Amino acid sequence: MTTKNVFVLGLTEVQRGELETVRGADHYTFHNLLDYSILVNTAEIDFRGLLEQARRELREFDGSVDAIITHWDFPASIIGPVLSAEFGLPAPSLESLLKCEHKYWSRLEQQAAVPECVPQFAAFDPFDDEALDKIDIPYPFWVKPVKAHSSNLGFAVEDEAGFREAVTKIRAEIGQVGDAFNEVLSLIDLPAKIGGAGGNTCLAEQFVSGTQAAPEGTMFRGTFNAHGVFDMHKDDAGTSFERLDYPANSVPESVQQRMIDVTERYIRHVGFDNGCFNAEFMWDEAEDKLWLIEVNTRISQSHSDLFAKVDGVSNHEVAIRIALDQEPRMPHREGNFAVASQCMIFHDEDAIVTRVPTDAERDAIRQKYPETTVTLQVKDRERLSELPNQDSYRYILGKLYIGADDRRQLVERYNSILEELPFEFAPVESQKGAA
C-alpha cells in the first residue's frame, strides 16, 4: 500500500497521538499545515495571508498532496475545504460551508428547512446606536456575532443596560474575526436575503433552555451517517460548557435520533457533501421541544480523544477517508473505556498566572488515572483577560481528557484531578503595583 501524505491544519502534539489511533496509520505520513500559533491561538486573523501561506507550503512540498483535513473552527474550517478543492480533493462547496458558518444566513436556511427547531432571531449592526429599537425579541435574549470563536463575544442580555454593555464589548473586538470573515464572504455572491449582513454583523436570538447534546457524522457522495452523539454539560451558572461526555445519555435515544434527522434535513437542504459535521441541539424536556443551536462543518477536535477512548479510533478516521475519496466508517465501542469526557479547567476571575502544572506533574496524573491527558492553554506570567479566544464569562486554563468505566467514576476523577492540579495566581492589582 502506497504511503499517503495527509496534511492537518494546526496540528498539535496531542493530536499526533490521536492520529496514530486511526486504522492504517502506518500507511499515512502526517504533516502539519500552518502553525497552531497563527491559525488557532491568536486574536488577529489574516485570512488571505493564511490561505496564501498554506498554498505555498503545499506547493513547495516535495511529494504528493493526498489529503487535507481540519478539526478547528474558522478560519481553518474554511481554509481546509478551499485548499482541498484547489488540489482536486473531495470537499464541500464554499457556499454550503457559509450557509452553516454565517450564523444569520444559517438561521435563514434553517427557517426554510427545519422551522420547528429555530428560535426567534434578528440580525443587527452593533455599530448602530438605534439597533435595539429594531430587535423585536422579548428579554432575556442572546447577542453574538455572526462569526466568533466558540462563545467569545456571546452575551445573555436581560435589559437595555445589559444590551448596551454587551454592544460596547462587541464593538471593541468584533473586527478580530469579522474582518477576516468578510474576506471569505467576498469570494461568493451573497444572496439578497442576507441584506448586507457581513462579518461584523450580530445576531439577537430568543433565549432557550434545556439539555444540550451534539451529534457528529459525515456526508459522503450523498450518503449521510451519524457516528456518535455527545452530552454537553454546562456549569452551575448555565453560561459555560463544563464537560463533553461520550456517549450521550442525558437525552433519550429517540430524541438523539430526532437531532440526527434534523441535521440530515438541514445539511441536505444547504447542499453540504463530501465533508464532516457536528451539530449542537437543546432539548426542552417539559415541552418536548428541540432547538437547533448551530451546525459546524468539520469533525470536532474536542471529540477526537473521546472517540479513541470509547470506540478505539479518533474521528480523524472519517475525515481522512473522505479526504482520500473513500467511504468513511467508524468502529463502535472498541476502545478501552465505557465513557469518556473532555472537561474544562476554569478560573472565574481575571488574574496573573504564577504557576502551571509541570510536565512531570501532568505525567503523574496520567499514571494515576490511565490515559488521562492534561492540556494547558495558559503559561506562567500570562494575564487571563488577555488570552485569545476565551468565552465571555470564564477563563479556560486547560482541558482534561478522561476515560472511565461509568459516569460516576468519570465525575469522581474529574473532581479529584481539579483538586490535584497545582495552578497558582496573583491578583492583577499586585502586578500593576510591582510595575
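Residues numbered from 1 in each chain as written. Predicted model: local features only at pLDDT ≥ 70, side-chain atom pairs only at ≥ 80, totals over all residues. Heavy atoms only, no water.

### Focus on the nonpolar core
With 65 residues, the main nonpolar core has F74, I78, I79 and L98 as its most contacted residues. Looking at this core element by element, the count peaks at six residues for helix α9 (residues 253-269). Ignoring sequence-local partners within four residues, the contact set of F74 consists of I45, F47, E101, K147, H149, V177, A180, F181 and V184. (Core = buried A, V, L, I, M, F, W, Y, C linked by side-chain atoms within 4.5 Å. Buried < 20%, exposed > 50% of the residue type's maximum accessible area, 1.4 Å probe, protein only. Helix = DSSP H or I, 4+ residues; strand = E, 2+ residues; numbered from the N terminus. Contact = heavy atoms within 4.5 Å.)

### Digging into the sheet that holds strand β4 (residues 121-124)
Within the open sheet, the four strands sit side by side as β4-β7-β5-β6. Their pairing is antiparallel. Of all the strands in the sheet, the pair left with one neighbour each is β4 and β6 (155-157). Here the average twist between neighbouring strands, direction ignored, is 25°. For strand β5 (residues 141-145) and β6, the ladder comprises three bridges, and the chain directions are antiparallel. For F141, the partnering residue across the bridge sits in β6 and is V157. Helix-sheet contacts for helix α7 (residues 160-173) involve β4, β5, β6 and β7 (202-206), and the interaxial angle to β6 is about 155°. (Pairing = 2+ DSSP bridges. Axes fitted to C-alpha atoms, helices over the stretch in contact; angles between N-to-C directions.)

### Digging into the environment of E382
Positionally, E382 belongs in the loop between β15 (373-376) and β16 (395-404). We classify E382 as partly exposed; its relative accessible area is 27%. On a C-alpha basis, the gap between E382 and V353 in space is 5.4 Å, while along the polypeptide they are 29 residues apart. Not counting residues within four places of it along the chain, the set of residues in contact with E382 comprises A351, I352, V353, Q377 and L387. A polar contact is formed between the side chain of E382 and the backbone nitrogen of K379, at a distance of 2.7 Å. (Polar contact = N/O pair within 3.5 Å; in protein donor to acceptor, adjacent residues only side chain to side chain.)

### Side note on the packing of aromatic side chains
Inspection of the entire model under this criterion finds 15 aromatic pairs. Note on Y104 and F121: the rings are 6.1 Å apart at their centroids and 65° apart in plane angle, and the pair reads as edge-to-face. Of this pair, Y104 sits in helix α6 (residues 103-113) while F121 sits in strand β4, placing them 17 residues apart in sequence. Considered together, Y104 and F121 belong to a single accessibility category, that of buried residues. (Phe/Tyr/Trp six-rings, centres within 6.5 Å; stacked < 30°, edge-to-face > 60°.)

### Re the pattern of salt bridges
As enumerated under the stated definition, the model contains 30 salt bridges in all. Residue K368 pairs with E420 through a salt bridge whose shortest N-O separation is 3.1 Å. With K368 in helix α12 (residues 359-368) and E420 in helix α13 (residues 407-420), the pair connects residues that are 52 residues apart, well separated along the chain. By relative accessible area, which is 52% here, K368 ends up exposed. Put simply, E412 and R408 hold a salt bridge, and the shortest N to O gap is 2.9 Å. Here R408 and E412 lie together in helix α13, a separation of four residues that amounts to about one turn. Connected through shared salt-bridge partners, E52, R55, R59 and E86 make up one network. (Salt bridge = Lys/Arg side-chain N within 4 Å of Asp/Glu carboxyl O.)

### Regarding the sheet that holds β15
Sheet architecture is open: eight strands sit in the order β12-β11-β8-β9-β10-β13-β16-β15, paired in antiparallel fashion. At either margin of the open sheet sits one strand with a lone partner, and together these are β12 (289-296) and β15. Averaged over neighbouring strand pairs, the angle between their axes works out to 25° when direction is ignored. Note that strand β11 (residues 275-284) and β12 share seven bridges and pair antiparallel. The partner of D284 across the bridge, within β12, is K289. Where helix α10 (residues 301-311) meets the sheet, its contacts fall on β8 (211-220), β9 (223-234), β10 (241-246), β11, β13 (339-347) and β16, and the angle it forms with β16 comes to roughly 15°.

### Some remarks on the packing of α6 against α9
Following both chains from N to C, one finds α6 and α9 inclined at 110°, their axes separated by 10 Å at the closest point. With respect to each other, α6 and α9 are oriented roughly perpendicular. For the pair α6 and α9, the sense of crossing is right-handed. Contact residues: S106, E109, Q110, A112 and A113 in α6; R265, Y266 and H269 in α9. (Parallel < 35°, antiparallel > 145°, perpendicular 65-115°, else oblique. Left-handed = near helix turned anticlockwise from the far one by under 90°.)

### Some remarks on the confidence of the model for the protein
Of the residues in the protein, 96% reach a pLDDT of 70 or more, and the chain-wide mean stands at 94. Considering only residues more than four positions removed or in separate chains, one finds that residues 431-435, a stretch of pLDDT under 50, has three contacts. (pLDDT = per-residue confidence, 0-100.)

### What to know about the side chain of N278
Counting through the fold element by element, N278 comes out in strand β11. Among the polar contacts made by the side chain of N278, one reaches the main-chain carbonyl oxygen of R298 at a distance of 2.9 Å. Each residue touching N278, except ones within four places of it in the same chain, is listed here: P215, E216, E294, V295, N296, R298, I299, S300 and H303.

### Points about the environment of D159
As for its placement among the helices and strands, D159 is situated in the loop between β6 and α7. Owing to a relative accessible area of 38%, D159 belongs among the partly exposed residues under this scheme. Residues D159 and A364 lie 205 residues apart in sequence; the distance between their C-alpha atoms is 48 Å. At 3.3 Å, the side chain of D159 and the backbone nitrogen of A161 are in polar contact.

### Let's talk about helix α5 (residues 94-101)
By the criterion of burial, α5 is predominantly enclosed, with seven of the eight residues buried. For α5, the set of buried residues is L94, S96, L97, L98, K99, C100 and E101. In this fold, the buried residues of α5 make contact with α4 (76-86), α6, α8 (175-185), α9 and β12.

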